[in-house]
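Architecture and fold: a report
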Amino acid sequence: MHKKKLGFIAFGKRGAILARDCAKELGDFFEPAAAADPDTAGAKERMKKIGLSLPVYSTPEEMIENSDHLDALFISTPEDCHLESFRAIAKTGLPLLMEKPLEGDLERFAILTREMREYDAPVMIGHCMRHAPILRRARQFIDEGWLGKITSMRFVQNCCYGEQMFRGWRRRSDKVTSMYVEKSTHDFDIMHMMNGDAFATGVFAFSRQAKFGGDKPNDLKCKDCPEQLSCSESILNHNETVYGRELDLTGQDYCVYAQEADVGDDEMCMIEFANGVQGSYAQTFFTPLNYTGRIYTVVGTEGVMDINMGHGQGLLTVNQRSAAKSDQLRMTFDYLGHGHYLGDHHMLRNFYEMICGREEPFTTLEAAVAAEALGMAAVKSVKSKQFETVQIP
Ligand SMILES: NC(=O)c1ccc[n+]([C@@H]2O[C@H](COP(=O)([O-])OP(=O)(O)OC[C@H]3O[C@@H](n4cnc5c(N)ncnc54)[C@H](O)[C@@H]3O)[C@@H](O)[C@H]2O)c1
């Protein structure tokens, strides 16, 4: 088997996780070959932790110029520079895995979408959850008719580790616009998947900052804070007692009560889809450790399916209207220790087949655009307090 040589544009937390998966779980398929990251020291440090030692360049252009041969590229810079990252590689014509969300701001999202549509090579977007076996099985139940005709969906994300989002760049609307874009695009994409890719057409949304943000200095870190022991959100408390393990907190060790943290942490919206299906979505970034995970409910004329994504193990239940009271189809899915419910692994397998020209990408540019356009419309609705139509660029 010919191993595909990968060039990583950004070697932050996401770049390192996928490089590790490519080298370890999928070492027969991939060979991480080079990286480009302005923080070359940080990138090298991360490589060391996962047992890799790749040449690191400070720009994508340098990486491409100095690498003997690359088969494909992976962009995982923060989303406010995805446009520049894409432009830096646009002439290579190499197969590309681009992280979601596409861009951090509405105007740049539209520009990037148009430019990526013109790209002359296969493109996959990192909506890894679509590849998760639990969600693919759920979609299969719908296709097999277990629920009848789908009428509505109720999706909830309870995020116990949400404070991590408020320790770094994700807390700033000038970087990510909103959690409706940075985080919910995953869930919006799965709503679309369950709805047979009949995309959202309109949304009415709320957003509030209920817990994080405040008046602390932007450069305050827990380790320098006089309240580091008494504050329940202090990393000293969270890292050890809540997660019980050491996390990679590079760039994510700032105080969650900083002045610059201006995105919502408790949000809710109602969604209308092109086929008349209606949906609701809620996400909260400060739920307790024992009250966390995504819970997706899909309602049909003949049954209701619950997908409890859990942590490490998921439970899918199908309840049919025609069944006896206690009848229930239950399936459990084990993904302990795997990223995104095993979605990362299957996404990378699909990426390999896409590079080889044998498979179409399961996570397409147009589906990613639809999920992000919904997120952007939700942001508009929060501001206007009106129902807003989803504008596809
Ligand atoms: N698909 C998923 O489930 C998933 C999960 C995590 C992150 N992400 C996405 O991946 C992206 C990165 O997230 P992260 O958690 O790795 O962030 P991070 O802050 O850990 O890493 C970002 C890296 O990008 C580097 N960088 C900054 N500007 C750059 C540039 N112009 N060129 C090259 N490198 C540059 C930084 O030095 C850093 O090493 C974001 O868009 C995020 O939303 C997606």
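A brief structural summary. Just so you know, these numbers come straight off a predicted model, no measurement behind them.

**Description of the overall build of the protein**
Each helix and strand counted, the protein has 12 helices and 15 strands in total. In terms of overall dimensions, the protein is globule-like: its C-alpha atoms have a radius of gyration of 21 Å, near the 21 Å expected for 393 residues. If one aligns the C-alpha atoms of the protein with their principal axes, the spans along those axes are about 65 × 55 × 40 Å. In the protein, which comprises 393 residues, the proportion classed as buried is 54%. Pairs at least 24 residues apart make up 73% of the contacts formed inside the protein by residues separated by at least 6 positions. Here the protein displays about 17300 Å² of accessible surface, and carbon together with sulfur accounts for 50% of that area. In the protein, 44 positive and 56 negative side-chain charges are present, and the distance between their average locations comes to 3 Å.

**Digging into the pairing of strand E7 (residues 150-158)**
Two elements, E7 and strand E11 (residues 293-300), share eight bridges in a ladder whose sense is antiparallel. Note that in E11 the partner of valine 156 across the bridge is isoleucine 295.

**Some thoughts on the sheet that holds strand E12 (residues 303-308)**
The strand order across the open sheet formed by nine strands is E14-E13-E12-E11-E7-E10-E9-E8-E15, and the pairing between neighbours is mixed. Edge positions in the open sheet fall to strand E14 (329-334) and strand E15 (388-389), since each of these has one partner strand only. With six bridges joining them, E12 and strand E13 (residues 313-320) adopt antiparallel strand pairing. Among the inter-strand pairings, aspartate 306 is bridged to a residue of E13, identified as threonine 317.

**Observations regarding the state of the cysteines**
If you walk through the whole model with that rule in mind, you get zero disulfides. Unpaired in terms of disulfides, cysteine 81 finds its nearest cysteine sulfur in cysteine 128, a separation of 19 Å. For the unlinked cysteine cysteine 269, the closest cysteine sulfur is that of cysteine 159, found at 16 Å.

**A short note on the site of the ligand**
Taken together, 26 residues lie near the ligand, and Arg14, Asp37, Glu79, Trp169 and His340 sit nearest. Lysine 13 places a polar main-chain atom, nitrogen or oxygen, 3.0 Å from an oxygen atom of the ligand. Glutamate 79 has a polar side-chain atom sitting 2.6 Å from an oxygen atom of the ligand. Here the ligand has 850 Å² of accessible area as a free molecule, and 83% of this is covered by the chains. When its residues are assigned to classes, the shell around the ligand shows nine nonpolar, seven polar and 10 charged.

Analysis parameters
Residues numbered from 1 in each chain as written. Predicted model: local features only at pLDDT ≥ 70, side-chain atom pairs only at ≥ 80, totals over all residues. Heavy atoms only, no water. Helix = DSSP H or I, 4+ residues; strand = E, 2+ residues; numbered from the N terminus. Rg over C-alpha atoms; globule rule 2.2 N^0.38 Å. Buried < 20%, exposed > 50% of the residue type's maximum accessible area, 1.4 Å probe, protein only. Contact = heavy atoms within 4.5 Å. Areas by Shrake-Rupley, 256 points an atom, 1.4 Å probe, with all protein chains shown as cover. Lys, Arg positive; Asp, Glu negative; His and termini not counted. Charge placed at Lys NZ, Arg CZ, Asp CG, Glu CD. Pairing = 2+ DSSP bridges. Disulfide = S-S within 2.5 Å. Near = heavy atom within 4 Å. Polar contact = N/O pair within 3.5 Å; in protein donor to acceptor, adjacent residues only side chain to side chain. Nonpolar A, V, L, I, M, F, W, Y, C, P; charged D, E, K, R; others polar.

Nothing here speaks to function; it is all geometry.
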